[in-house]
Amino acid sequence: MSAISIDSVSKTYAGSAAPSVDGMSLDVEDGDFLCLLGPSGCGKSTTLRMIAGLEQPTAGRISIGDRIVDDAARGQHVAAERRGLGFVFQSYALWPHLTVRENIAFGLTMQKVAAKERRIRVDHALETLAIAAYAERHPGELSGGQQQRVAIARTLAARPAVMLLDEPLSNLDARLRLEMRAEFQRIHRETGTTMVFVTHDQWEAMTLATRIVVMDAGRVQQVGPPLEIYSDPANRFVAEFMGSPPLNVVEGDGNGAAARAMAAWRGAEGAAAIGVRPEALRFADVPSPGAFATPVTIEALLPTGGSWIVEATDGERRLFGTSTAVPAVREGERVTAWAEERDVLRFATDGSRADRLVAA
């Protein structure tokens, strides 16, 4: 049985012409670390808030385990505090006058958990999050990362079947975000708790999730494991949203050298546009037979520490390549940029995958 089942759920706010969430159907399996990913305004936080019971769907049904918690057609709605879920907010929402131990115990006290059991759970949460040394400190004496650990410990102590996390790392600096990603992975591995995590950061989703849900304009665009989402995107939106530097896209009706090369390339038959990931774009070698190839001028070589970004132009658009080795090209040099046919994504006019249509 799914931990959470979302069946044809929509949410339209008063005064809004378009729904924030539009006909969403999704199953979250027990033990999933599911990331809702997409640009601002795509409906991911609204979806999480409906699961939590903080928002009511306009249409559709939500179940948690074998219990229906929302059924818009029947006017059924179970309040957030009766859903048995844990929620970690973007802000830490800690009581400043309480110690770390008291903050973690607060929810258990409200639930009238016995003192002995409460102490056992709090001690376990402190150890799990590696914050036992700070148990008697107040939030104002902690760093941002330590405060976030307290917020997570408070949720874990309640032993929810499902944890909902709404961009919990967005207020942290880059180093702390990296540390907390590893922390979330460890917590998920050790507790097996089902987690639903909202983020607009693709790298957070790629490194944390067992499955990613990519959303746009209130609709699910693709659901799958991170590497599948990246290497086999369902459509042009997903392909362009995932990746940094972004996907190189060549339009068939363009005027640059790449567009002319696309028109002459037999591999682009039936496609309105093609896309090549930066790591698949090569500049120094002789193109393989059947590869997509276009003349370009090298504009810049950008070191990033562990890798290089190669920026080139075909006269109309900029193309980006990446390499872990020092590029064998120079700024201002005219070279051939190319990619193996298997590495080229093909898109139809409506943004769907033209290569999938041909294969079907």
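A brief report on the enclosed structure follows. (Residues numbered from 1 in each chain as written. Predicted model: local features only at pLDDT ≥ 70, side-chain atom pairs only at ≥ 80, totals over all residues. Heavy atoms only, no water.)

### With respect to the packing of aromatic side chains
Under the convention used in this document: A pair of Phe, Tyr and Trp rings is counted when the ring centres sit within 6.5 Å of each other, with Trp represented by its six-membered ring. The angle between the planes then sorts it: under 30 degrees is stacked, over 60 is edge-to-face, the rest tilted. A run of H or I in DSSP counts as a helix once it spans at least four residues, and a run of E counts as a strand once it spans at least two, with each numbered from the N terminus. Whether a residue is buried, partly exposed or exposed follows from its accessible area with a 1.4 Å probe, protein chains only, as a fraction of its type maximum: under 20%, in between, or over 50%, in that order.
For the structure on display, the rule yields five aromatic pairs. For the pair F33 and F197, a centre-to-centre distance of 5.9 Å together with 45° between the ring planes defines the contact as tilted. A residue pair is termed long-range when its members are at least 10 positions apart, and F33 in strand β3 (residues 33-37) and F197 in strand β9 (residues 194-199) qualify at 164 residues. Judged by relative accessible area, F33 falls into the buried class, the value being 1%.

### Things to note about the state of the cysteines
Operational definition: Cysteine sulfur atoms are paired as a disulfide whenever they come within 2.5 Å of each other.
Inspection of the entire model under this criterion finds zero disulfides. Its sulfur unpaired, C42 is 12 Å from the next cysteine sulfur, which belongs to C35.

### Considering a nonpolar patch on the surface
Rules: Two joining distances apply to patches: 9 Å for like charges and 5 Å for nonpolar side chains (Val, Leu, Ile, Met, Phe, Trp, Tyr), and every residue must have over 30% relative accessible area and no salt bridge. Values of accessible area rely on a 1.4 Å probe in the Shrake-Rupley scheme; residue burial ignores everything except the protein chains shown. Should a side-chain nitrogen of Lys or Arg be within 4 Å of a carboxyl oxygen of Asp or Glu, the pair is scored as a salt bridge.
A surface patch of nonpolar side chains, amounting to about 300 Å² of accessible area, comprises W95, F106 and M110. For M110, the position within the fold is in helix α2 (residues 100-110). According to the relative accessible area criterion, M110 is exposed, its value standing at 52%.

### Quick notes on empty space enclosed by the protein
Where empty space is left in the structure can be found by rolling a water-sized probe over the atoms. The following threshold applies: In the cavity and pocket records, a cavity denotes points on a 1 Å grid over the protein atoms alone where a 1.4 Å probe fits but cannot get out, a pocket denotes an open set with protein on both sides within 12 Å along at least 5 of 7 lines, and lining residues are residues with an atom within 4 Å of a point. Grid points are joined across faces, edges and corners, and a volume is the space filled by probe spheres set on the points. Polar here means any residue outside two lists: the nonpolar Ala, Val, Leu, Ile, Met, Phe, Trp, Tyr, Cys and Pro, and the charged Asp, Glu, Lys and Arg; Gly therefore counts as polar.
Tallying each qualifying case throughout the model produces one cavity of 30 Å³ or more. Contributing to the lining of the largest cavity are N248, V250, V276, L281, F292 and L319. Looking at the lining of the largest cavity residue by residue, the class counts come to five nonpolar, one polar and no charged.

### As for the side chain of D201
What counts is decided by this rule: Residues adjacent in sequence count toward polar contacts only when both atoms are side-chain atoms; beyond that, a polar contact is any pair of N or O atoms within 3.5 Å, and within protein one must be able to donate a hydrogen and the other to accept it. Throughout, a contact is declared for two residues whenever any of their heavy atoms are within 4.5 Å.
For D201, the location among the structural elements is in the loop between β9 and α6 (202-208). We classify D201 as buried; its relative accessible area is 17%. Polar side-chain contacts of D201 include one of 2.8 Å to the backbone nitrogen of W203. Residues in contact with D201, not counting those within four places in the same chain, are L37, R177 and R181.

### A closer look at the pattern of salt bridges
Side chains that carry opposite charge are capable of pairing whenever their charged atoms lie near each other. Here the structure, examined in full by the defined rule, presents 21 salt bridges. One salt bridge in this structure joins D70 and R83, with 2.6 Å as the shortest N-O distance. Of this pair, D70 sits in strand β5 (residues 67-71) while R83 sits in the loop between β6 (76-77) and β7 (85-88), and the two are 13 residues apart along the sequence. Residue D70 is classed as buried on the basis of its relative accessible area, which comes to 1%. Judged by relative accessible area, R83 falls into the buried class, the value being 5%. For E240, the salt bridge identified is with R236, shortest N-O distance 2.9 Å. Pair noted here: E240 and R236 are both in helix α8 (residues 236-241), with a separation of four residues, about one helical turn. Connected through shared salt-bridge partners, K11, R49 and E55 make up one network.

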